[in-house]
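Analysis of the macromolecular model
Residue strings, one per chain:
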Amino acid sequence: MYLRPMRTDARSGPTLPFLVVFLSSACVMVIELVASRLIALHVGSNLYTWTSIIAVVLTGLTVGNLAGGALADRVGRRAGALLAWLLVAAGFSSLAIVVAVDPVFAGTVASLPLASRALLGVAIVFFVPAAVLGAVSPLAATWAISTRARLGFTVGTLYAVGSFGAIVGTLLTGFVLIAYVGSIAIMVGVAAVLALCGLTVHRRLPTLVGAVFVLTVAGVVLVGRPTWIPAAAAEHGEVVYVAETRYQTVAVAHDPWTGARTVVLDNLVHGFVVPEDPTLLVYPYIAAYAAAHEVARERAGRPLRSLHLGGGAFTLPRFVAAAFAGDEIVAVEIDPGVTMANHAAAGLPLPPPFEVVHADAREAVRDLAGAGRTFDLVYADAFTDYSIPYHLATVGFYRQLRAVLADDGAVLFNVIDDPRFPRMLASLVATAGVVFERVEVLAMGPDSDENARNTFVVVAGSGDLTAREVVDRAAAGGLEVAVRVAADLAGRLGGRPPVVLTDAFAPVERLVAHLYGR
C-alpha cells in the first residue's frame, strides 16, 4: 500500500492530531462501558464480567500502543496517512462487536464456567477493537510531533487531551447515551465517528472505503443483534416489552395460556405475576414469604408494615396488597425502568397499590431509619445465583435492617446454593447471626441433597416468628418446605468456618463460584 505523506496545512489544521486522540480515547471508554451491557444478556453483570472487560481492554490498548509505536518509527512523516486507515479499521472492528457478541457468548464459550466464559468471550469480541484503538495514540503523537518544535509540550498535551477524552466518553456514556440511545446505536455511532475521523485525516482515502462503511452500517442497523431480546424472556412466552435502562436490559414476556407475565432483567428471570390474580404465586420461595406473612399477621392481629427490597415483577408486594387490606407496604427498586416495564406490560397500575422507592436498597433503608419508620417484616429479594449485590449481604447492612425492624419483627431473604456445599448460604447465616438473636433456614422442597442447587429462605430476627410455623403454614397450602439446621450447614464446608461478610470483605463471587458452571 502506498501511503501518501499527510499535509498539515491550514485546511486540515495543526490541531487535528489532538482531536483524533480526544475522540479515540472517548471511544475506548464508550466501548468499555457498553461492553458490560452487551454481554450482560449472557453472563450478567458482576465482578467477573467487569474484571474481564477492564483486563481485556487494557491488554488490547497495551498491545496497540506497542504496535502503533513500532509502526510510527517505520513510517515517520507518513504517520497521518497510516493513522487514517487505522481509524477506518477501528470503525469496522467496532461494528463487528455488535455482530459477534451473541454468537461468541451463546455458542463459542457458552459451555464454560462463568469466570472463564466472561474472560474468553470478552477477549474474542473486544481485544481487536481495543488493540486497533491503542495504536492510534502513538501514530497521532508522531504526526503531531513532526509538525511541532516543542516536543515536551506536544506530548504532554496529547496525554492530557487523551485523558480528557476518556473522561468525556465515560460521563457521556454513563449519564446520557446508555439511558437514551441504546447499546447498538451507541456502537454504530462510535464506528461512524472513527470512520469519519479517518476520512477527515486523509481526504484521499478511496471513496470506496466510505461507501463500504455506509453499507456495513446499514447492514448492522438492519440486522442488529439477532438475539438481543433476552433468551430467558423468549423461553417464557411472547416478548411484549424490551427496554434498556440505566442499569440493565428489562424484558417482559406474556404466556397467553396462563396469563402470566415474566419479568427478565438482563438474562435472568426476576419474577412471575398474573396481573388478573396477583395471589397466584409461582416461585416456591415467594409462597414461603406469603406463608410467613400470614402467620405474622395472625399473630399480630392487625395490619402489618412490610418492607420489600428488590422489585422484579413486584410479585410479593402485589400479593400482600391484594390479600391483606390495610397493610402498609413499601417496595424498594433501584431501577425506575423496572417499574415502568411492570406498568407497561405486566399490569401494574400507576400509582401502584403500595409505596415504591426508587433507590439502592441500602440507601433506602438508611433514609427510612432516619425518618423513624419501622417494619414488622422485611423481605430481601435482591439476590440471584449470578448476581449478588455484596453490600446487601454484610454485617453493616443487617445492622441497618435491624434499625428499621420492629422489636418482634423478622427479616427474610432468599439465596440459591448447592445444599451439599452451601458456602454462600452458610456465610449469610453466620453474618446474620452477628446481628440477630435467631437465624433459621428453610429449604424449598424436600430435605434432600440430590439437587445440585436449591433455593433457601433465611429467617432472622428476635421476635416470635419461627421457621416451623412457616413450614406448617406452607404445608397447609400444598408447599413442601424443610427446615435446615444452621450448624449442619457450616459442618458441610469441610472443616472451614463460614466467612462472615463485612463491608470491608465480602467475597460473594468466590462463595457462589461453584454454581457458575451449572
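This text gives an overview of the structure that appears in the document. No experiment lies behind these values; they were computed from the predicted model shown.

Let's shift gears to the packing of aromatic side chains. Summed over all chains, the structure comprises 10 aromatic pairs. For the pair Tyr-285 and Tyr-289, a centre-to-centre distance of 5.5 Å together with 90 degrees between the ring planes defines the contact as edge-to-face. With a gap of four residues between them, Tyr-285 and Tyr-289 both fall in helix H10 (residues 284-300), about one helical turn apart. Residue classification places Tyr-285 among the buried positions, given a relative accessible area of 10%. The class for Tyr-289 is buried, based on a relative accessible area of 0%.

This brings us to the sheet that holds strand S3 (residues 261-265). Strand order in the open sheet made by the four strands is S1-S2-S3-S4, with antiparallel pairing throughout. The open sheet has two free edges, formed respectively by strand S1 (238-244) and strand S4 (268-273), since each of these has just one partner strand. Mean inter-strand twist for the sheet, computed between neighbouring axes without regard to direction, equals 20 degrees.

Along its 28 residues, helix H1 (residues 16-43) runs 40 Å from first to last C-alpha, staying within 8% of the 40 Å computed at 1.5 Å per residue. Taken as a whole, H1 carries its principal kink of about 25 degrees at Val-34. Of all the 28 residues making up H1, 25 are buried; the element is thus mostly covered by neighbouring parts of the structure. The positive-phi residue at the C-terminal boundary of H1 is Gly-44, with phi of around 75 degrees.

This part takes up the packing of helix H2 (residues 47-75) against helix H4 (residues 114-134). In the contact formed by H2 and H4, the axes pass within 7 Å of each other and the chain directions differ by 30 degrees. In terms of orientation, H2 lies roughly parallel with respect to H4. Crossing angle aside, the handedness with which H2 passes H4 is right-handed. Contacts between H2 and H4 involve Tyr-48, Thr-49, Ser-52, Ile-53, Val-56, Val-57, Thr-59, Gly-60, Leu-61, Val-63, Gly-64 and Asn-65 from the first element and Leu-114, Ala-115, Ala-118, Leu-119, Val-122, Ala-123, Phe-126, Phe-127, Ala-130, Ala-131, Leu-133 and Gly-134 from the second. Classifying every residue of the contact of H2 with H4 by side-chain character gives 17 nonpolar, seven polar and no charged.

The subject of this paragraph is the sheet that holds strand S6 (residues 328-332). One open sheet holds the eight strands; their spatial order is S7-S6-S5-S8-S9-S11-S10-S12, and the pairing between them is mixed. Strands at the two margins of the open sheet, each flanked by one partner only, are strand S7 (355-357) and strand S12 (481-484). This sheet shows a mean twist of 20 degrees between the axes of neighbouring strands, independent of strand direction. Of the strand pairs in this sheet, strand S5 (residues 305-309) and S6 are connected by five bridges, and their pairing is parallel. Note that in S6 the partner of Arg-305 across the bridge is Glu-328. Seen against the sheet, helix H13 (residues 361-370) touches S5, S6, S7 and strand S8 (375-380) and runs at an angle of roughly 155 degrees to S5. Packing of helix H14 (residues 395-404) onto the sheet brings it into contact with S5, S8 and strand S9 (405-417), and relative to S9 it is tilted by some 145 degrees.

This structure, assessed with the given rule, holds 13 salt bridges. A salt bridge links Arg-402 to Glu-437; the shortest N-O distance between them is 3.1 Å. With a gap of 35 residues between them, Arg-402 in helix H14 and Glu-437 in the loop between helix H15 (423-435) and strand S10 (438-444) connect regions that are remote in the sequence. Judged by its relative accessible area of 30%, Arg-402 falls in the partly exposed class. Look at Glu-437 and you get exposed, because its relative accessible area is 57%.

A few words now on the environment of Val-57. Note on placement: Val-57 falls in helix H2. Its relative accessible area of 7% is what places Val-57 among the buried residues. In this structure the C-alpha to C-alpha distance between Val-57 and Ala-131, which are 74 residues apart in sequence, comes to 7.9 Å. In contact with Val-57, other than residues within four places in its own chain, are Val-28, Glu-32 and Ala-130.

So, about the layout of surface pockets. It is a probe the size of a water molecule, rolled over the atoms, that shows where empty space is left. Taken as a whole, the second largest pocket holds about 560 Å³ of empty space. Lining the second largest pocket are 22 residues, and of these Val-21, Ser-25, Asn-65, Ser-137 and Tyr-159 lie nearest its centre. Here the residues of the lining of the second largest pocket sort into 14 nonpolar, seven polar and one charged.

Grouped together as the largest cluster of nonpolar side chains are 56 residues, with contacts concentrated most on Leu-83, Leu-87, Ile-97, Phe-105, Phe-126 and Leu-139. Taken together, the elements giving at least two residues each to this core come down to H1, H2, helix H3 (79-108), H4, helix H5 (136-145), helix H6 (151-180) and helix H7 (183-201). Looking at this core element by element, the count peaks at 14 residues for H1. Leave out the neighbours within four places in its chain, and Phe-126 touches Ile-31, Ala-35, Leu-38, Ile-39, Val-56, Ile-97 and Val-101. If you look at the next biggest cluster of nonpolar residues, it comprises 49 residues, including Leu-392, Val-395, Phe-397 and Ala-432.

Scoring rules and cut-offs
Position labels on residues start from 1 in each chain and follow its written sequence. The predicted origin of the model limits local features to residues at a pLDDT of at least 70 and limits the giving and counting of side-chain atom pairs to 80 or more, whereas totals for whole chains, interfaces and linings rest on all residues. Hydrogens are left out, water is left out, and the side-chain values use all remaining heavy atoms of the structure. For Phe, Tyr and Trp, where Trp contributes only its six-membered ring, two rings pair if their centres lie within 6.5 Å, and the inter-plane angle classes them as stacked under 30 degrees, edge-to-face over 60, or tilted in between. Every helix listed is a DSSP run of H or I at least four residues long, and every strand listed is a run of E at least two residues long, numbered separately from the N terminus. The cut-offs for exposure are 20% and 50% of the maximum accessible area for each residue type, with area from a 1.4 Å probe on protein chains only; residues under the lower value are buried, those over the upper are exposed, and the others partly exposed. Whether two strands pair depends on DSSP finding at least two bridges between them. Lines fitted to C-alpha atoms define the axes, with helix axes restricted to the stretch in contact, and inter-axis angles between N-to-C directions lie between 0 and 180 degrees. Multiplying 1.5 Å by the helix residue count minus one yields the expected span of that helix. One axis fitted to the seven residues ending at a residue, another fitted to the seven starting there: the angle between these axes is the bend at that residue. The scheme is simple: roughly parallel for angles under 35 degrees, roughly antiparallel for over 145, roughly perpendicular for 65 to 115, oblique for anything else. If you view the pair so one helix is near and one far, a crossing is left-handed when the near helix is turned anticlockwise from the far one by less than a right angle, and right-handed when it is turned clockwise. Only heavy atoms enter the contact rule, under which two residues are in contact if any of them lie within 4.5 Å. Gly counts as polar in this scheme, as do all residues outside two lists: the nonpolar Ala, Val, Leu, Ile, Met, Phe, Trp, Tyr, Cys and Pro, and the charged Asp, Glu, Lys and Arg. Salt bridges are defined as contacts in which a side-chain nitrogen from Lys or Arg sits within 4 Å of a carboxyl oxygen from Asp or Glu. As defined here, a cavity is a set of points on a 1 Å grid over the protein atoms alone where a 1.4 Å probe fits but cannot get out. A pocket is an open set with protein on both sides within 12 Å along at least five of seven lines, and residues line them when an atom is within 4 Å of a point. Grid points are joined across faces, edges and corners, and a volume is the space filled by probe spheres set on the points. In this description, a nonpolar core means a group of buried Ala, Val, Leu, Ile, Met, Phe, Trp, Tyr and Cys residues linked to one another through side-chain atoms lying within 4.5 Å.

These values are about where atoms sit, not about what they do.
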